[in-house]
Amino acid sequence: MVDCHSRIWYAVHFLYLYIKYLDMDYQSLLEEIAAEVKPLLGQGQVASYIPALAEVDSLSFGMAVVTLDGSVFTVGQANKIFSIQSISKVFNLVLAFSSLDEAIWRRVGKEPSGNAFNSLLQLEYENGIPRNPFINAGAIVLADMLCEYFSEPQKALIEFIRKLTNNSSIEYDIRIAKSEMDTGNRNYSLGYLMKSFGNIRMPIDLVMELYFKQCSISMSCKDLAQSFLMLANHGVVPYSGERILTMSQAKRINSLMLTSGLYNEAGDFAFRVGLPAKSGVGGGIVAIIPKLLSVAVWSPELNGFGNSLAGIHALELFTTKSGISIF
Ligand code: GLU
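An account of the accompanying structure is given in this report.

Criteria and cut-off values
Residues numbered from 1 in each chain as written. Predicted model: local features only at pLDDT ≥ 70, side-chain atom pairs only at ≥ 80, totals over all residues. Heavy atoms only, no water. Near = heavy atom within 4 Å. Polar contact = N/O pair within 3.5 Å; in protein donor to acceptor, adjacent residues only side chain to side chain. Areas by Shrake-Rupley, 256 points an atom, 1.4 Å probe, with all protein chains shown as cover. 1 Å grid on protein atoms, 1.4 Å probe; cavity = no way out; pocket = protein on both sides within 12 Å on 5 of 7 lines; lining within 4 Å. Sits in = over half its atoms within 2 Å of the grid points. Pairing = 2+ DSSP bridges. Helix = DSSP H or I, 4+ residues; strand = E, 2+ residues; numbered from the N terminus. Axes fitted to C-alpha atoms, helices over the stretch in contact; angles between N-to-C directions. Contact = heavy atoms within 4.5 Å. Buried < 20%, exposed > 50% of the residue type's maximum accessible area, 1.4 Å probe, protein only. Core = buried A, V, L, I, M, F, W, Y, C linked by side-chain atoms within 4.5 Å. Salt bridge = Lys/Arg side-chain N within 4 Å of Asp/Glu carboxyl O. Points joined across faces, edges and corners; volume = space filled by probe spheres on them. Nonpolar A, V, L, I, M, F, W, Y, C, P; charged D, E, K, R; others polar.

Around the ligand, a shell composed of 13 residues is seen, among which Tyr-49, Gln-85, Glu-180, Tyr-211 and Tyr-263 lie nearest. Contacts to the ligand include Gln-85, whose side-chain N or O atom sits 2.5 Å from a nitrogen atom. Here Glu-180 contributes a side-chain N or O atom positioned 2.6 Å from a nitrogen atom of the ligand. Notes on the ligand: free accessible area 300 Å², of which the protein chains cover 100%. For the ligand, the cavity whose grid points lie within 2 Å of the majority of its atoms is the second largest cavity.

What follows is the structure, given as structure tokens:
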């Protein structure tokens, strides 16, 4: 009897939550958030170790929510394209995982690194196997796998992202890629170190070119939210119905975003926001809520971990004010 009552209670509670989420006024929520984070603009530092990234308007702010039923809500510069940088690591992981399946985990780990995204230390004593796909070394290994698997890897990757986003105009930003290539000594070091351990198989220049190009891709908050909806939809692109990942693969990628998507700030981000997400040094962060929506934010000034200062705050406000997270 007690069991029956508690089941009914839970059913009513979930129905209430479901109706509440469907009814959410995302537009007002985004506007409220944009107003609240405004005082933070001006308090971080734009990434300048890639010279072309420093040319951005540092006070920019945009945010977009796209729900699984296709509704789009935006505030600020949500349609302005910016350099997605490390957010691209999710795309190269999805493409490699969907092409090569479980074999990828022999060459890249699944643990949070607790170190800076471009650190060489761990890689040396862990024999050239990067801790996870979202630190630079991990993404470089995945770029190597894509170079081995596809005859035209750059074309394969950009077309894949266009398909996920339903936007054929997404492009590599050659100027940013060149700027990073000219100053990317640390990333080349990661590549060479892994090659010395036999974990890079293709010619280093080919692999690094793909890595720098993927980081240079320009997208808007709206594009990013759109492209990540597949991960909120258990691996199926909602607008086309195409399955990209199995349910289990989508679960694994979301889990990795939760534990490692924000470099060595992933724990604090999970604590504050409670969503799987990925950030980039261009100031973007994109997060998903399974079966409901994806949300992307952009504000180029970064905190000391290399994550968007206002962006993290905006996402914290998003889950706190709406009461929606994965927990
Ligand atoms: N292209 C950047 C780098 O390799 C990506 C870093 C990032 O966004 O975290 O340093």
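Read on for the rest.
Turning our eyes to something else, we now look at the sheet that holds strand S2 (residues 62-67). Read across the sheet, five strands follow the order S3-S2-S8-S7-S6 without closing on themselves; strand pairing throughout is antiparallel. The open sheet has two free edges, formed respectively by strand S3 (72-76) and strand S6 (277-279), since each of these has just one partner strand. The average undirected angle you get between the axes of adjacent strands in this sheet is 10°. Packed onto the sheet, helix H2 (residues 26-37) meets S2, S3 and strand S8 (293-298) and runs at close to 20° relative to S3.

Counting buried residues in S8 gives six out of six residues, a clear majority hidden from the surface. Here S8 shows a buried face lined by Leu-293, Val-295 and Val-297 and a second buried face lined by Ser-294, Ala-296 and Trp-298. Sheet topology note: the S2/S8 ladder contains six bridges and is antiparallel. Bridged to Ala-64 within S8 is Ala-296.

Moving on: the nonpolar core. Ranked by internal contacts, the top residues of the largest apolar core, which has 67 residues, are Phe-91, Leu-224, Phe-228 and Leu-231. By residue number, the principal contributor to this core is helix H5 (residues 136-149), which donates nine residues. Sequence-distant contacts of Leu-224, defined by excluding residues within four places in its chain, comprise Phe-82, Ile-84, Ile-87, Phe-91, Met-219, Val-286 and Ala-296. If you look at the next biggest cluster of nonpolar residues, it comprises 32 residues, including Val-273, Ile-285, Ile-289 and Leu-292.

All right, on to the environment of Gly-184 then. Mapped onto the elements, Gly-184 comes out in the loop between helix H7 (174-183) and helix H8 (185-196). Through-space distance from the C-alpha of Gly-184 to that of Met-208 is 9.3 Å; in sequence the pair is 24 residues apart.

Here Leu-229 lies in helix H10 (residues 221-232). On a C-alpha basis, the gap between Leu-229 and Thr-67 in space is 7.8 Å, while along the polypeptide they are 162 residues apart.

One pass over the structure, following the stated rule, counts twelve salt bridges. Here Lys-213 and Glu-209 are joined by a salt bridge, their closest N and O atoms 3.0 Å apart. Note that Lys-213 and Glu-209 are positioned in helix H9 (residues 204-216) at a spacing of four residues, about one turn of the helix. Of the charged contacts, one joins Arg-272 and Asp-268 as a salt bridge, the two residues approaching to 3.8 Å between their closest N and O atoms. On the criterion of helical spacing, the pair formed by Arg-272 and Asp-268 is a turn pair, its members being four residues apart in helix H12 (residues 266-272).

Another point: empty space enclosed by the protein. Summed over the entire model, instances satisfying the criterion amount to two cavities of 30 Å³ or more. Reported here for the largest cavity is a volume of approximately 60 Å³. Looking at the largest cavity, the residues that line it are Ser-113, Asn-115, Ala-116, Ser-119, Gln-122, Leu-123, Glu-126, Ile-129, Pro-130, Arg-131, Ile-135 and Ala-137. Classifying every residue of the lining of the largest cavity gives six nonpolar, four polar and two charged. In this structure, the second largest cavity spans a volume of roughly 50 Å³. Residue composition of the lining of the second largest cavity, grouped by class: six nonpolar, four polar and two charged.

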